[in-house]
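Each chain, written out:
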Amino acid sequence: MSRQTAIQLVDLDVRWVGTDSTTPAGHVLVLGVDTLGVLRLCLYKGATPDDSTLRGSLLIPPDGHGQRHLPTRTTAYGPTGAYVTSVGDQTAMLQRLADQP
């Protein structure tokens with residue numbers, strides 16, 4: 001039984017997969033463009049991204065955008081698409097996603 005997620009790997013135009021200094025221990029990042037053309041940094045538990053291990057994503061809006069449906073700053077969303085936070089830097093937001101139950 002697979003858990004429904006707001007973002008699925010098949011729907012991302014993946015630009016990069018890996019870890020960096022912002023990645024919480026035991027997780028991997030996927031940077032890609034979603035179906036709406038918005039840049040997202042997705043966090044997955046484990047060493048390989050899989051829809052069932054999605055912990056959430058950071059929506060990274062383009063600078064100076066005028067679309068009312070997009071936040072004005074980087075915002076974290078949980079695995080089902082629910083808002084988590086826009087407080088702190090990228091490292092803090094990714095850690096908060098990793099720490100969710």
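As a reminder, the structure under discussion sits directly above these lines.
Within every chain, residues take consecutive numbers counted from 1 along the sequence as written. Residues qualify for local features only when their pLDDT is at least 70, as the model is predicted, and side-chain atom pairs are given and counted only at 80 or more; totals for whole chains, interfaces and linings, by contrast, use all residues. As a convention, hydrogens and water are excluded, and side-chain values are obtained from all of the structure's heavy atoms.

When its secondary structure is counted, the protein chain shows one helix and six strands. Put simply, the protein chain runs from its N terminus to its C terminus through helices and strands in the order β-β-β-β-β-β-α. When accessible area is computed with a 1.4 Å probe and restricted to protein chains, residues below 20% of their type maximum are described as buried, those above 50% as exposed, and intermediate ones as partly exposed. Looking at the 101 residues of the protein chain, the share that counts as buried comes to 42%. Contact criterion: two residues are considered in contact whenever any of their non-hydrogen atoms come within 4.5 Å of each other. Taking as baseline every contact in the protein chain between residues at least 6 positions apart, the subset at least 24 positions apart corresponds to 29%. As displayed, the protein chain offers around 5900 Å² of accessible surface, 52% of which is attributable to carbon and sulfur atoms. Only DSSP runs of H or I reaching four residues or more are called helices, and only runs of E reaching two or more are called strands; each is numbered from the N terminus. Exposure was quantified through the Shrake-Rupley algorithm and a 1.4 Å probe, taking into account, for residues, occlusion by the shown protein chains and nothing else.

So, on to the sheet that holds strand 3 (residues 39-45). Pairing between strands is defined by DSSP: at least two bridges between them are needed. Ordered by their spatial adjacency, six strands build an open sheet running 1-2-3-4-5-6, and the pairing between neighbours is antiparallel. Two strands bound the open sheet, and with one partner strand each, they are strand 1 (13-18) and strand 6 (83-85). Recorded for the sheet is a direction-independent mean angle of 30° between the axes of neighbouring strands. Sheet topology note: the strand 2 (residues 27-33)/strand 3 ladder contains seven bridges and is antiparallel. Axis definition: a line fitted to C-alpha atoms, over the contacting stretch in the case of helices. Angles run 0 to 180 degrees between N-to-C directions.

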